[in-house]
Amino acid sequence: MRHAALIVAAGRGARAGGPEPKQWRQIAGKSVARWTLEAFSHLDARVLVIHPADRVKAEAAAEGLDVRIVAGGPDRAASVRNGLEALVAVGLDTVLIHDVARPCVPRAVIDGVLSALDTGPGAAPALPVTDALWRVTDGTVAGTVNRQGLFRAQTPQGFHFRAILDAHMTHPGGAADDVEVARHAGLSVIVTDGCEDNLKITAPEDFARAERILERVHGHQAGERV
Ligand SMILES: Nc1ccn([C@@H]2O[C@H](COP(=O)(O)OP(=O)(O)OP(=O)(O)O)[C@@H](O)[C@H]2O)c(=O)n1
Ligand SMILES: C[C@](O)(CO)[C@H](O)COP(=O)(O)O
């Protein structure tokens, strides 16, 4: 079986702020994108989907790794589609679609998705909602939402390659994630174990949390050149 990672990295990181998009920020001695690419270095192929303005930074992040770099689109789904089209010639069985903004993804989460793809066309990690859920209007609780059966989706979201390619080609666009695209095409998606370490760097405070996780797991001191 041939597996590839499709890393979506064409966003601008507006919510994270800072002088550059979050995926190029250095944490624990490497860029966010470098950590993410290295998490998938054991797969057969990798594609990094970037904003065209970021090519120099992307090439630096991919240095020494076998990574295809392609231009993204106006939203996440369009970027995924561009990445899938770039992988058609590779001859893949599966593809794992992952946010570059999740650099702490544990190997066990990746392996769980790969294993589940032996039994179905789609698999994705998630964590059950464990807090009460409110609907809020103007800063006031306007209602409560039953959390039963609700999960917090993570990535990588994995699929049989041809199935997700066809699903994206027939989807109208704008999906929040690839499970939404897959289900629109009638594909079943197995839920695998997520991990609290697999956070998506979204807000400014997420960088420090991600750095602590990376230092704990990889043993680097912050800022150490590696
Ligand atoms: N046109 C886009 C928009 C987003 N993404 C990617 O989709 C992932 C999840 O999106 P998000 O966390 O929202 O990243 P940004 O869009 O960069 O963040 P923001 O919404 O704060 O600008 C990120 O890895 C981001 O790079 C992408 O590849 N192409
Ligand atoms: C794909 C995702 O990470 C699953 O939780 C999430 O939908 C990305 O959301 P964002 O607003 O594009 O960061």
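Remember, predicted model here, so these are calculated numbers, not experimental data. (Residues numbered from 1 in each chain as written. Chains lettered and ligands numbered in written order. Predicted model: local features only at pLDDT ≥ 70, side-chain atom pairs only at ≥ 80, totals over all residues. Heavy atoms only, no water.)

Moving on, we get to the site of ligand 2. Close to ligand 2 lie Arg15, Arg76, Asp99, Arg102, Ala153, Thr155, Ala176, Asp177 and Lys200, which account for all nearby residues. Take Arg15: an N or O atom from its side chain is 3.2 Å from an oxygen atom of ligand 2. At 2.8 Å, a backbone N or O of Ala153 approaches an oxygen atom of ligand 2. Bound to the protein, ligand 2 loses 70% of the 360 Å² it would expose on its own. The cavity that encloses ligand 2 is the largest pocket. Tallied by class, the residues present in the shell around ligand 2 amount to two nonpolar, one polar and six charged. (Near = heavy atom within 4 Å. Polar contact = N/O pair within 3.5 Å; in protein donor to acceptor, adjacent residues only side chain to side chain. Areas by Shrake-Rupley, 256 points an atom, 1.4 Å probe, with all protein chains shown as cover. 1 Å grid on protein atoms, 1.4 Å probe; cavity = no way out; pocket = protein on both sides within 12 Å on 5 of 7 lines; lining within 4 Å. Sits in = over half its atoms within 2 Å of the grid points. Nonpolar A, V, L, I, M, F, W, Y, C, P; charged D, E, K, R; others polar.)

Let us now look at the UniProt feature "site: Positions MEP for the nucleophilic attack" (unreviewed entry) in the protein chain. Taken from the UniProt record, the annotation "site: Positions MEP for the nucleophilic attack" (unreviewed entry) applies to Arg147 and Lys200. Of the annotated set, the members that line the largest pocket are Lys200. Locating Arg147 in the fold gives a position in the loop between strand S9 (140–145) and strand S10 (151–153). Contact partners of Arg147, with chain neighbours within four places excluded, come to Val129, Thr130, Asp131, Ala132 and Leu133. Reaching out from Arg147, the side chain makes a polar contact with the backbone oxygen of Asp131 at a distance of 3.4 Å. Here Lys200 shows up in the loop between strand S12 (190–193) and helix H7 (206–218). Polar contacts involving the side chain of Lys200 include one to the side chain of Thr202, which spans 2.8 Å. (UniProt positions renumbered as here; feature names shortened; annotations may be inferred. Helix = DSSP H or I, 4+ residues; strand = E, 2+ residues; numbered from the N terminus. Contact = heavy atoms within 4.5 Å.)

Within the structure shown, the criterion is met by zero disulfides. Cysteine Cys104 remains unbridged, with the sulfur of Cys195 as its closest cysteine sulfur at 9.3 Å. Given the relative accessible area of 7%, Cys104 is considered buried. For Cys195, a relative accessible area of 21% puts it in the partly exposed group. (Disulfide = S-S within 2.5 Å. Buried < 20%, exposed > 50% of the residue type's maximum accessible area, 1.4 Å probe, protein only.)

Attention shifts here to the pairing of strand S4 (residues 45–50). Every other side chain in a regular strand lies on the same face of the sheet, so the side chains alternate between the two faces. Within S4, six of the six residues are buried, leaving the element largely enclosed by the surrounding structure. Alternating residues of S4 divide into Ala45, Val47 and Val49 and Arg46, Leu48 and Ile50, and every residue in both groups is buried. Here strand S1 (residues 3–9) pairs with S4 via six bridges, running parallel. Within S4, the residue paired with Ala5 across the bridge is Arg46. Alignment of S4 against strand S5 (residues 68–71), held across four bridges, turns out to be parallel. Residue pairing across strands places Leu48 opposite Ile69, the latter belonging to S5. (Pairing = 2+ DSSP bridges.)

Between its first and last C-alpha, helix H3 (residues 76–87) extends 17 Å over 12 residues, near the 16 Å set by a 1.5 Å rise per residue. Every buried residue of H3 is listed here: Ala77, Ser79, Val80, Gly83, Leu84 and Leu87. Each buried residue of H3 lies within a common arc of 160° when the element is viewed along its axis, so the set occupies one face. Taken together, the buried residues of H3 touch S1, S4, S5, strand S6 (94–99), helix H5 (161–170) and helix H6 (178–184). (Expected span 1.5 Å × (residues − 1). Arc of directions from axis to C-beta.)

Surveying the vicinity of ligand 1 reveals 18 residues, the closest of which are Val8, Gly13, Ala14, Arg15 and Ser79. Ala9 is positioned with one of its backbone polar atoms (N or O) 3.4 Å from an oxygen atom of ligand 1. In this structure, an oxygen atom belonging to ligand 1 sits 2.8 Å away from a main-chain N or O atom of Ala14. More than half of the atoms of ligand 1 fall within 2 Å of the grid points belonging to the largest pocket. Residue assignment for the shell around ligand 1 shows that the elements contributing at least two residues are S1 and H3. Of the residues in the shell around ligand 1, the class split is seven nonpolar, four polar and seven charged.

Now for H7. For an α-helix, the turn length of 3.6 residues means that residues three or four places apart are oriented alike. Helix length check: H7, at 13 residues, gives a terminal C-alpha distance of 18 Å against a target of 18 Å (1.5 Å per residue), a fit within 8%. Within the span of H7, buried status applies to Asp206, Phe207, Ala210, Ile213 and Leu214. Buried residues of H7 fall within an arc of 125° about the axis and therefore sit on the same side. Exposed and oriented more than 90 degrees from the buried face of H7 are Arg212 and Arg216. For H7, the secondary structure elements touched by its buried residues are strand S2 (26–27) and helix H1 (32–39). The positive-phi residue at the C-terminal boundary of H7 is Gly219, with phi of around 75°.

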